[in-house]
Amino acid sequence: MTIPKNQIMKIAFQGEPGANSHIAIVEAFPNAEPLPCATFEDALAAITSGEADLGMIPIENSIAGRVADIHHLLPQSGLHIVGEWFLPIHHQMMALPGTKLTDIKTVESHVHALGQCRRIIRKLGIKAIVAADTAGSARAIAERGDKSCASLASRLAADIYGLEILAEDVEDEDHNTTRFVMLSKDAKWAPQGSEPLVTSFVFRVRNLPAALYKALGGFATNGVNMTKLESYMVDGEFFATQFYADVDGHPDDRSLAFALEELKFFSREFRIVGVYPAHPFRATFGEPTS
């Protein structure tokens, strides 16, 4: 998705300035105005109300897996996916200026960031403390003024809150990547045949034997590549399972149209939540050859 050069859009994200979602906005839309929101619900509400033109929301991470809150909130929000962004995640160990690594006794960050940096935490023998988000932990360290405390956050957060990076790129895995979706109040389907496209949809199958097997069979027989399928309970009911899926192609493509027709026949609910350009990062997908 592109923004006209003379238009400055406001893009909502969950977290504080310096969060990875903030970085994704800066990379994808350099001229946009980021709008920090305390919670995912607040970010979605800002889009729905028109306070924000778009939202940049994380949906899954290559190490931590899906962002569970979004899979529950997105179908109910009525918002639409209009684009995606993949961001390599790098965590920096930061503290007050003049601090040495030997001074550190505790490190704070989001639970996922702490889990992704276990190696350096064990090496330093320090206590990990869970914070609401990465950038928020950096702000807290700057405000507290205690040199025994460190934060795991982004380089942007260190710049914003005046912290010094003591150790760079301390994540355990170098393939740590988060996928974000760009959300809009209005549906804006990418035109058919314009470029590699992704179609995202949610559905609930009928309560019939082998309904899911039959519903998904059309994608195999029509040669449609499904890149994501997630299930989760609806309203806490064990029997009410909803699915979120991503597939390659446009709904008007002949093969995908046939597959979706078969899916709808075996589904009690179905809704397309977005048709948007595939991010270039998808070209790196694939099983190792050896």
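Further up the page is the structure itself.
Because the structure is a prediction, the values reported are computed rather than measured.

What counts as what
- All residue numbers refer to position in the chain's written sequence, counted from 1.
- pLDDT decides what is reported in this predicted model: residues at 70 or higher carry local features, side-chain atom pairs at 80 or more are listed and counted, and totals for whole chains, interfaces and linings draw on all residues regardless.
- Note that water and hydrogens are dropped before the side-chain values are worked out from all heavy atoms of the structure.
- What we call a nonpolar core is a set of buried Ala, Val, Leu, Ile, Met, Phe, Trp, Tyr and Cys residues that are connected through their side-chain atoms within 4.5 Å.
- Exposed residues in this analysis have more than 50% of their type's maximum accessible area, buried residues have under 20%, and partly exposed residues fall in between, with area computed by a 1.4 Å probe over protein chains only.
- Put simply, DSSP H or I for four residues or longer makes a helix, DSSP E for two residues or longer makes a strand, and each gets a number counted from the N terminus.
- We call two residues in contact whenever any of their non-hydrogen atoms come within 4.5 Å of each other.
- Any two strands with at least two DSSP-identified bridges between them are counted as paired.
- Fitted lines through C-alpha atoms give the axes, limited to the stretch in contact for helices. The angle between two N-to-C directions lies from 0 to 180 degrees.

### A few points about the nonpolar core
- Within the largest apolar cluster, 25 residues are counted, with the highest numbers of intra-cluster contacts made by Ala12, Ile57, Ile81, Leu183 and Tyr244.
- For this core, the elements supplying multiple residues, two or more each, are β2 (33-37), α2 (40-49), β3 (54-61), α3 (68-77), β11 (177-184), β12 (197-205) and β15 (267-277).
- Ile81 has contacts with Leu74, Val181, Met182, Leu183, Ser200, Tyr244, Val273, Gly274, Val275 and Tyr276, leaving out every residue within four places of it along the chain.
- Membership of the second largest hydrophobic core comes to 20 residues, among which are Phe219, Ala245, Val247 and Ile272.

### What about the pairing of β11?
- Most of β11 sits inside the fold, with eight of its eight residues counted as buried.
- Looking at chain direction, β3 and β11 are connected through six bridges and run antiparallel. Residue pairing across strands places Gly55 opposite Leu183, the latter belonging to β11.
- By the bridge criterion, eight bridges tie strand β5 (residues 80-88) to β11 in an arrangement that is antiparallel. For Ile81, the partnering residue across the bridge sits in β11 and is Leu183.

### Considering the sheet that holds strand β6 (residues 92-95)
- Read across the sheet, five strands follow the order β8-β7-β9-β6-β10 without closing on themselves; strand pairing throughout is mixed. Of all strands in the sheet, those with a lone pairing partner are β8 (127-130) and β10 (164-167), marking the two edges. Direction aside, neighbouring strands of the sheet carry axes that sit 35° apart on average.
- Taken together, the four bridges between strand β7 (residues 106-109) and β8 define a ladder with parallel strand orientation. Note that in β8 the partner of Ser109 across the bridge is Val130.
- With respect to the sheet, helix α6 (residues 134-144) is in contact with β6, β7 and β9 (149-153), its orientation differing from that of β9 by roughly 155°.

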